[in-house]
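Remarks on the overall topology
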Amino acid sequence: MRHPVRHPVRRPPRLPALLLLALLASGGCAGTRSSYPSVPRAKEEVREYVESGGWERAIERVTTRALDYLRRRAPQVARPAIVLDIDETSLSNWPYSRDLDFAWSRSTWNAWVDRADARAIEPTLELYRWASGNDVGVFFVTGRREPTRAATEANLRAEGFERWERLEMMPAEWGEGSAAFKSARRREIEEAGWTVVLTLGDQPSDLEGGHAERGFLLPNPMYTVD
Ligand SMILES: [Mg+2]
(Lines give C-alpha, C1' and ligand atoms only; values in the text may rest on other atoms or scores of the structure.)
Protein backbone atom coordinates (compact mmCIF):
# COMPACT_ATOMS: atom_id res chain seq x y z
CA MET A 1 0.00 0.00 0.00
CA ARG A 2 1.34 3.38 -0.94
CA HIS A 3 0.20 5.16 2.20
CA PRO A 4 -2.70 5.15 4.58
CA VAL A 5 -5.80 6.65 3.11
CA ARG A 6 -5.44 10.29 3.89
CA HIS A 7 -8.65 11.74 2.69
CA PRO A 8 -12.57 11.34 2.64
CA VAL A 9 -15.71 13.42 1.37
CA ARG A 10 -19.10 14.30 1.52
CA ARG A 11 -22.00 15.48 -0.35
CA PRO A 12 -25.27 16.49 1.19
CA PRO A 13 -24.03 17.76 4.50
CA ARG A 14 -24.48 15.41 7.40
CA LEU A 15 -23.08 15.32 10.86
CA PRO A 16 -20.49 12.63 11.28
CA ALA A 17 -22.00 9.66 13.04
CA LEU A 18 -19.85 9.89 16.13
CA LEU A 19 -20.55 13.58 16.38
CA LEU A 20 -24.25 12.91 16.19
CA LEU A 21 -24.03 10.34 18.95
CA ALA A 22 -22.23 12.82 21.11
CA LEU A 23 -24.87 15.47 20.47
CA LEU A 24 -27.65 13.02 21.28
CA ALA A 25 -25.97 12.18 24.55
CA SER A 26 -25.50 15.80 25.50
CA GLY A 27 -29.12 16.54 24.66
CA GLY A 28 -30.36 14.44 27.55
CA CYS A 29 -32.40 12.06 25.41
CA ALA A 30 -30.20 9.16 26.40
CA GLY A 31 -29.65 9.88 30.02
CA THR A 32 -28.05 6.58 30.93
CA ARG A 33 -25.50 6.73 28.12
CA SER A 34 -22.80 8.57 29.94
CA SER A 35 -20.08 6.81 27.98
CA TYR A 36 -20.50 8.84 24.81
CA PRO A 37 -17.40 10.87 23.95
CA SER A 38 -17.43 14.63 23.90
CA VAL A 39 -17.55 16.19 20.44
CA PRO A 40 -13.84 17.10 20.47
CA ARG A 41 -12.94 13.60 21.66
CA ALA A 42 -15.15 12.00 18.98
CA LYS A 43 -13.41 14.02 16.31
CA GLU A 44 -10.03 13.07 17.71
CA GLU A 45 -10.96 9.39 17.63
CA VAL A 46 -11.94 9.65 13.98
CA ARG A 47 -8.69 11.44 13.13
CA GLU A 48 -6.70 8.74 14.89
CA TYR A 49 -8.66 5.96 13.21
CA VAL A 50 -8.05 7.38 9.75
CA GLU A 51 -4.47 8.54 10.13
CA SER A 52 -3.30 5.35 11.85
CA GLY A 53 -4.43 3.32 8.84
CA GLY A 54 -7.29 1.70 10.74
CA TRP A 55 -9.85 2.99 8.31
CA GLU A 56 -8.00 1.61 5.31
CA ARG A 57 -7.58 -1.78 6.98
CA ALA A 58 -11.32 -1.88 7.63
CA ILE A 59 -11.95 -1.03 3.98
CA GLU A 60 -9.64 -3.79 2.87
CA ARG A 61 -11.54 -6.37 4.87
CA VAL A 62 -14.61 -5.55 2.80
CA THR A 63 -12.89 -5.28 -0.58
CA THR A 64 -11.23 -8.65 0.01
CA ARG A 65 -14.67 -10.23 0.27
CA ALA A 66 -15.85 -8.28 -2.77
CA LEU A 67 -12.88 -9.44 -4.83
CA ASP A 68 -13.41 -13.04 -3.75
CA TYR A 69 -16.98 -12.84 -4.98
CA LEU A 70 -16.01 -11.11 -8.22
CA ARG A 71 -13.31 -13.66 -9.06
CA ARG A 72 -15.76 -16.47 -8.52
CA ARG A 73 -18.71 -14.90 -10.26
CA ALA A 74 -17.22 -13.06 -13.25
CA PRO A 75 -16.45 -16.22 -15.24
CA GLN A 76 -20.00 -17.47 -14.71
CA VAL A 77 -22.04 -14.57 -16.11
CA ALA A 78 -22.48 -12.73 -19.38
CA ARG A 79 -20.68 -9.38 -19.61
CA PRO A 80 -19.76 -9.02 -15.93
CA ALA A 81 -19.60 -5.51 -14.51
CA ILE A 82 -18.89 -3.75 -11.24
CA VAL A 83 -20.25 -0.43 -10.03
CA LEU A 84 -18.00 1.75 -7.91
CA ASP A 85 -18.91 4.82 -5.94
CA ILE A 86 -16.19 7.49 -5.96
CA ASP A 87 -15.97 9.46 -2.71
CA GLU A 88 -14.72 7.42 0.25
CA THR A 89 -14.86 4.37 -1.98
CA SER A 90 -12.44 4.96 -4.87
CA LEU A 91 -11.01 8.33 -3.80
CA SER A 92 -10.41 9.59 -0.29
CA ASN A 93 -11.14 13.17 0.67
CA TRP A 94 -9.66 12.95 4.12
CA PRO A 95 -7.69 16.25 3.89
CA TYR A 96 -10.92 18.08 3.14
CA SER A 97 -12.73 16.63 6.15
CA ARG A 98 -9.74 17.04 8.43
CA ASP A 99 -8.92 20.60 7.44
CA LEU A 100 -12.53 21.75 7.77
CA ASP A 101 -12.87 19.96 11.12
CA PHE A 102 -15.67 17.81 9.64
CA ALA A 103 -17.70 20.77 8.39
CA TRP A 104 -19.05 20.84 4.84
CA SER A 105 -20.35 23.42 2.38
CA ARG A 106 -21.08 23.28 -1.32
CA SER A 107 -18.58 26.04 -2.13
CA THR A 108 -15.66 24.55 -0.19
CA TRP A 109 -16.51 21.10 -1.52
CA ASN A 110 -16.53 22.25 -5.13
CA ALA A 111 -13.22 24.02 -4.62
CA TRP A 112 -11.74 20.82 -3.20
CA VAL A 113 -13.04 18.68 -6.05
CA ASP A 114 -11.67 21.15 -8.60
CA ARG A 115 -8.19 20.62 -7.17
CA ALA A 116 -8.39 16.98 -8.31
CA ASP A 117 -6.13 16.11 -5.41
CA ALA A 118 -7.98 13.25 -3.74
CA ARG A 119 -5.95 10.07 -3.28
CA ALA A 120 -6.86 6.58 -4.40
CA ILE A 121 -8.21 4.22 -1.80
CA GLU A 122 -5.75 1.44 -2.42
CA PRO A 123 -7.89 -1.61 -1.64
CA THR A 124 -10.51 -0.38 -4.10
CA LEU A 125 -7.81 0.33 -6.67
CA GLU A 126 -6.74 -3.31 -6.34
CA LEU A 127 -10.30 -4.44 -7.01
CA TYR A 128 -10.45 -2.09 -9.99
CA ARG A 129 -7.20 -3.45 -11.39
CA TRP A 130 -8.40 -7.02 -11.19
CA ALA A 131 -11.63 -6.08 -12.95
CA SER A 132 -9.83 -4.13 -15.67
CA GLY A 133 -7.46 -6.98 -16.35
CA ASN A 134 -10.17 -9.61 -16.52
CA ASP A 135 -12.73 -8.20 -18.95
CA VAL A 136 -15.03 -6.92 -16.25
CA GLY A 137 -16.75 -3.64 -17.12
CA VAL A 138 -16.12 -0.85 -14.62
CA PHE A 139 -18.81 1.76 -14.05
CA PHE A 140 -18.40 4.71 -11.71
CA VAL A 141 -21.71 5.98 -10.33
CA THR A 142 -21.27 9.01 -8.10
CA GLY A 143 -23.15 11.73 -6.30
CA ARG A 144 -20.56 14.19 -7.55
CA ARG A 145 -22.30 16.69 -9.76
CA GLU A 146 -22.01 16.80 -13.52
CA PRO A 147 -20.21 20.19 -13.60
CA THR A 148 -17.25 18.57 -11.81
CA ARG A 149 -16.75 15.93 -14.51
CA ALA A 150 -13.45 17.20 -15.90
CA ALA A 151 -11.79 17.47 -12.50
CA THR A 152 -13.20 14.12 -11.38
CA GLU A 153 -11.97 12.32 -14.49
CA ALA A 154 -8.53 13.90 -14.16
CA ASN A 155 -8.34 12.90 -10.51
CA LEU A 156 -9.37 9.30 -11.20
CA ARG A 157 -6.83 8.90 -13.98
CA ALA A 158 -4.03 10.49 -11.98
CA GLU A 159 -4.68 8.00 -9.20
CA GLY A 160 -4.63 4.91 -11.39
CA PHE A 161 -8.29 4.47 -12.35
CA GLU A 162 -7.45 4.83 -15.99
CA ARG A 163 -10.38 3.36 -17.89
CA TRP A 164 -14.09 2.85 -17.39
CA GLU A 165 -17.20 2.10 -19.39
CA ARG A 166 -19.19 5.00 -17.98
CA LEU A 167 -18.86 7.67 -15.34
CA GLU A 168 -22.37 8.54 -14.21
CA MET A 169 -22.61 11.85 -12.35
CA MET A 170 -25.59 13.40 -10.64
CA PRO A 171 -27.22 16.24 -12.55
CA ALA A 172 -26.54 19.59 -10.92
CA GLU A 173 -30.21 20.02 -10.04
CA TRP A 174 -30.95 16.46 -8.88
CA GLY A 175 -33.35 16.41 -5.93
CA GLU A 176 -34.58 12.83 -5.54
CA GLY A 177 -31.84 11.45 -3.34
CA SER A 178 -28.79 9.36 -3.94
CA ALA A 179 -30.29 5.87 -3.85
CA ALA A 180 -32.84 6.71 -6.55
CA PHE A 181 -30.15 8.12 -8.79
CA LYS A 182 -27.73 5.27 -8.33
CA SER A 183 -30.18 2.40 -8.65
CA ALA A 184 -31.58 3.95 -11.85
CA ARG A 185 -28.08 4.06 -13.34
CA ARG A 186 -27.50 0.40 -12.42
CA ARG A 187 -30.78 -0.51 -14.06
CA GLU A 188 -29.59 1.17 -17.26
CA ILE A 189 -26.33 -0.73 -17.11
CA GLU A 190 -28.25 -3.98 -16.84
CA GLU A 191 -30.53 -2.95 -19.69
CA ALA A 192 -27.43 -2.42 -21.81
CA GLY A 193 -26.65 -6.12 -21.38
CA TRP A 194 -24.22 -6.11 -18.47
CA THR A 195 -24.47 -8.29 -15.38
CA VAL A 196 -23.81 -6.10 -12.36
CA VAL A 197 -21.96 -8.57 -10.17
CA LEU A 198 -21.45 -6.13 -7.35
CA THR A 199 -21.81 -2.53 -6.27
CA LEU A 200 -19.31 -1.06 -3.82
CA GLY A 201 -19.87 2.08 -1.79
CA ASP A 202 -19.53 3.72 1.60
CA GLN A 203 -23.21 4.59 2.07
CA PRO A 204 -26.29 2.37 2.22
CA SER A 205 -27.68 4.51 -0.60
CA ASP A 206 -24.90 3.11 -2.81
CA LEU A 207 -26.42 -0.34 -2.40
CA GLU A 208 -30.16 0.19 -2.10
CA GLY A 209 -32.65 -0.29 -4.91
CA GLY A 210 -31.42 -3.53 -6.44
CA HIS A 211 -29.90 -4.00 -9.88
CA ALA A 212 -26.77 -5.63 -8.49
CA GLU A 213 -26.17 -9.22 -7.41
CA ARG A 214 -24.32 -8.16 -4.28
CA GLY A 215 -23.64 -4.93 -2.44
CA PHE A 216 -20.55 -4.33 -0.32
CA LEU A 217 -20.62 -1.50 2.21
CA LEU A 218 -17.39 0.21 3.23
CA PRO A 219 -16.96 1.98 6.57
CA ASN A 220 -17.09 5.76 6.63
CA PRO A 221 -16.52 7.35 10.04
CA MET A 222 -16.76 10.93 8.71
CA TYR A 223 -20.28 11.41 7.43
CA THR A 224 -23.47 9.85 6.12
CA VAL A 225 -25.42 10.62 2.97
CA ASP A 226 -29.06 9.84 2.24
MG1 LIG B 1 -19.22 7.71 -1.29
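Structure: above.
First, a word on scope: everything that follows refers to the structure included in this document. What you see is a predicted model, and the numbers here were worked out from it, not measured in a lab. What you see as residue numbers is a count from 1 along each chain, following the sequence as written. Given that this is a predicted model, residues contribute local features only at a pLDDT of at least 70 and side-chain atom pairs are listed and counted only at 80 or more, while totals for whole chains, interfaces and linings are drawn from all residues. Working from all heavy atoms in the structure, the side-chain values ignore hydrogens and water.

What about the sheet that holds strand β7 (residues 214–217)?
Strand pairing is assigned whenever DSSP identifies at least 2 bridges connecting the two strands. Here a strand is any run of E in DSSP of at least two residues, a helix any run of H or I of at least four, and the numbering for each starts at the N terminus. Sheet architecture is open: five strands sit in the order β5-β4-β1-β6-β7, paired in parallel fashion. Edge positions in the open sheet fall to β5 (166–170) and β7, since each of these has one partner strand only. Strand-to-strand twist across the sheet, computed as the mean angle between neighbouring axes with direction ignored, equals 20°. Relative to strand β4 (residues 137–145), strand β1 (residues 80–84) runs parallel, the two being bridged by four bridges. Directly across from isoleucine 82, in β4, lies its bridge partner valine 138. Interaxial angle, 0 to 180 degrees, is taken between N-to-C directions of lines fitted to C-alpha atoms, where a helix line uses only the stretch in contact.

Quick look at helix α7 (residues 149–158)
Buried within α7 we find Ala151, Thr152, Asn155 and Leu156. Seen from one end, α7 has its buried residues packed into an arc of 130°, which puts them on one side. Counted as exposed and oriented over 90 degrees from the buried face of α7: Ala150 and Ala158. Following α7 by one or two positions, glycine 160 has its phi on the positive side, about 105°. Categorising residues by exposure relies on relative accessible area from a 1.4 Å probe, with only protein chains included: less than 20% of the type maximum marks a residue as buried, more than 50% marks it as exposed, and the intermediate range marks it as partly exposed. The reported arc concerns the directions from the helix axis to the C-beta atoms and nothing else.

What about the coordination of the magnesium ion?
Six octahedral donors at a metal ideally form angles of 90 or 180 degrees, and four tetrahedral donors ideally form angles of 109.5 degrees. The rule for donors is simple: N, O or S, within 2.8 Å of the metal, or within 3.2 Å if the metal is Na, K or Ca. Water isn't counted, so a site may look like it is missing partners. In this structure, Asp85 (OD), Asp87 (O) and Asp202 (OD) serve as the protein donors to the magnesium ion, at separations of 2.0 to 2.2 Å. When the donors of the magnesium ion are listed by position in the chain, the intervening gaps give D-x1-D-x114-D. We note that aspartate 85, like aspartate 87, is buried.

As for the packing of aromatic side chains
Any Phe, Tyr or Trp ring, taking Trp's six-membered ring, that has another such ring centre within 6.5 Å forms a pair; planes under 30 degrees apart are called stacked, those over 60 apart edge-to-face, and the others tilted. Scanning all chains against the criterion turns up nine aromatic pairs. Between the aromatic rings of tyrosine 128 and phenylalanine 161, the centroid separation amounts to 5.1 Å while the plane-to-plane angle is 65°, which identifies the pairing as edge-to-face. Placement of tyrosine 128 in helix α6 (residues 122–132) and of phenylalanine 161 in the loop between α7 and β5 is noted, with a sequence separation of 33 residues between them. By relative accessible area, phenylalanine 161 is classed as buried at 0%. Relative to phenylalanine 181, the ring of tryptophan 174 has its centre 5.4 Å away and its plane inclined at 70°; by these criteria the two rings are edge-to-face. Three or more aromatic residues joined by ring pairs make a cluster, and in this case those are Tyr128, Phe140, Phe161 and Trp164. Cation placement over rings: the criterion is NZ of Lys or CZ of Arg within 6 Å of the ring centroid and within 35° of the ring normal. The lysine or arginine in question, arginine 79, covers the ring of tryptophan 194, its NZ or CZ lying 4.2 Å from the ring centre. Geometry around tyrosine 69 places arginine 214 over its ring, the cationic atom sitting 4.7 Å from the centre.

Structural notes on the pairing of β4
Counting buried residues along β4, nine of its nine residues qualify, which places the element largely inside the surrounding structure. A two-sided burial pattern is seen for β4, the buried positions comprising Gly137, Phe139, Val141, Gly143 and Arg145 on one face and Val138, Phe140, Thr142 and Arg144 on the other.

Here's the deal with the packing of helix α3 (residues 54–73) against α6
Contact geometry of α3 with α6 gives a least axis separation of 8 Å together with a crossing angle of 15°. For the element pair α3 / α6, the angle class is roughly parallel. Judged by the sense of rotation from one axis to the other, the crossing of α3 with α6 is right-handed. Residues Glu56, Ile59, Glu60, Thr63, Ala66, Leu67, Leu70 and Arg71 of α3 form the contact with α6, whose participating residues are Glu122, Pro123, Thr124, Glu126, Leu127, Trp130 and Ala131. Every angle not falling under 35 degrees, over 145, or within 65 to 115 is termed oblique; those three ranges are roughly parallel, roughly antiparallel and roughly perpendicular. Should the near helix be turned anticlockwise from the far one by less than a right angle, the crossing is left-handed, and should it be turned clockwise, the crossing is right-handed. Only heavy atoms enter the contact rule, under which two residues are in contact if any of them lie within 4.5 Å.

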